[in-house]
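Observations on the model geometry
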Amino acid sequence: MKLINLTPHKITIYPPTDWTLLGDDSSPIAVEPSGVSARCDETREIIATIPSGLGDWGIPVYRVVYGEVSGLPAPELGTIYIVSMRLAQAVPERHDVCFPGEAVRDASGNIIGCIGLSRL
């Protein structure tokens, strides 16, 4: 299986935490950016306002609408495209599109990778 990273960031994929699922090589996999970033237009419209309890202003509630997707190649047999969760939400019919799985953090709380990939 070929992994193509369409985000601007290196994606480090760690093995599952259930070590019984692992083979002999349990090292993380680093997937460097491909140089192409897939993007998705997004618009927001206010659909409600919740009272803030602090004076006259309210907390806006938005509806998010996804628009045109750019930079996402056509499906290719044996290829998985790694994109942002937002882009994956815009193309739920694409079974070749994944986004980073559960975050892996270092001792300071910084994200250093993910466990597996996720799909909608």
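Note that this is a predicted model, so its numbers are computed, not measured. (Residues numbered from 1 in each chain as written. Predicted model: local features only at pLDDT ≥ 70, side-chain atom pairs only at ≥ 80, totals over all residues. Heavy atoms only, no water.)

Some words on the nonpolar core
Threshold: In this text, buried Ala, Val, Leu, Ile, Met, Phe, Trp, Tyr and Cys residues form a nonpolar core when linked through side-chain atoms within 4.5 Å. Each residue is placed in one exposure class: buried if its accessible area under a 1.4 Å probe, protein chains only, is under 20% of its type's maximum, exposed if it is over 50%, and partly exposed if it falls in between. Where helices and strands are cited, they refer to DSSP runs of H or I of at least four residues and of E of at least two residues respectively, numbered from the N terminus. Contacts are assigned to residue pairs that have any heavy atoms within 4.5 Å of one another.
If you look at the biggest cluster of nonpolar residues, it comprises 11 residues: Leu 6, Ala 38, Cys 40, Leu 72, Tyr 81, Val 83, Leu 87, Ala 88, Val 91, Val 97 and Phe 99. Listing elements by their share of this core, those giving two or more residues are helix H1 (85–90) and strand S7 (97–105). Once residues lying within four places of it in the same chain are set aside, the contact partners of Leu 6 are Ser 34, Val 36, Ser 37, Ala 38, Gly 71, Leu 72, Pro 73, Tyr 81, Ile 82 and Val 83. Core analysis: the second largest hydrophobic core is formed by 5 residues, Ile 11, Ile 13, Val 31 and Ile 82 among them.

A short note on the pattern of salt bridges
To keep things clear, this is the line we draw: Take a side-chain nitrogen of Lys or Arg and a carboxyl oxygen of Asp or Glu: if they are within 4 Å of each other, that pair is a salt bridge.
By the definition in use, this model includes 5 salt bridges. Arg 86 is paired through a salt bridge with Glu 42; the nearest N and O atoms lie 3.2 Å apart. One end of the pair, Arg 86, is in helix H1; the other, Glu 42, is in strand S4 (residues 39–51), with 44 residues separating them in the sequence. By relative accessible area, which is 35% here, Arg 86 ends up partly exposed. Among the residues examined, Glu 42 registers a relative accessible area of 26% and is labelled partly exposed. Among the ionic pairs, Arg 63 bridges to Glu 45, the shortest N-O distance being 2.9 Å. One end of the pair, Arg 63, is in strand S5 (residues 58–70); the other, Glu 45, is in strand S4, with 18 residues separating them in the sequence. Since its relative accessible area comes to 38%, Glu 45 is described here as partly exposed. Three or more residues are tied together by salt bridges with common partners; here these are Glu 42, Arg 44 and Arg 86.

A short note on the state of the cysteines
Defined as follows: Only a pair of cysteine sulfur atoms within 2.5 Å qualifies as a disulfide here.
Inspection of every chain in the model, using the stated rule, returns 0 disulfides. No disulfide involves Cys 40; its sulfur sits 17 Å from that of Cys 98, the nearest cysteine. For Cys 40, a relative accessible area of 5% puts it in the buried group. No disulfide involves Cys 98; its sulfur sits 10 Å from that of Cys 114, the nearest cysteine. Accessibility expressed as a relative area gives 10% for Cys 98, which makes it buried.

Remember that the coordinates give geometry; whether it matters functionally is a separate question.
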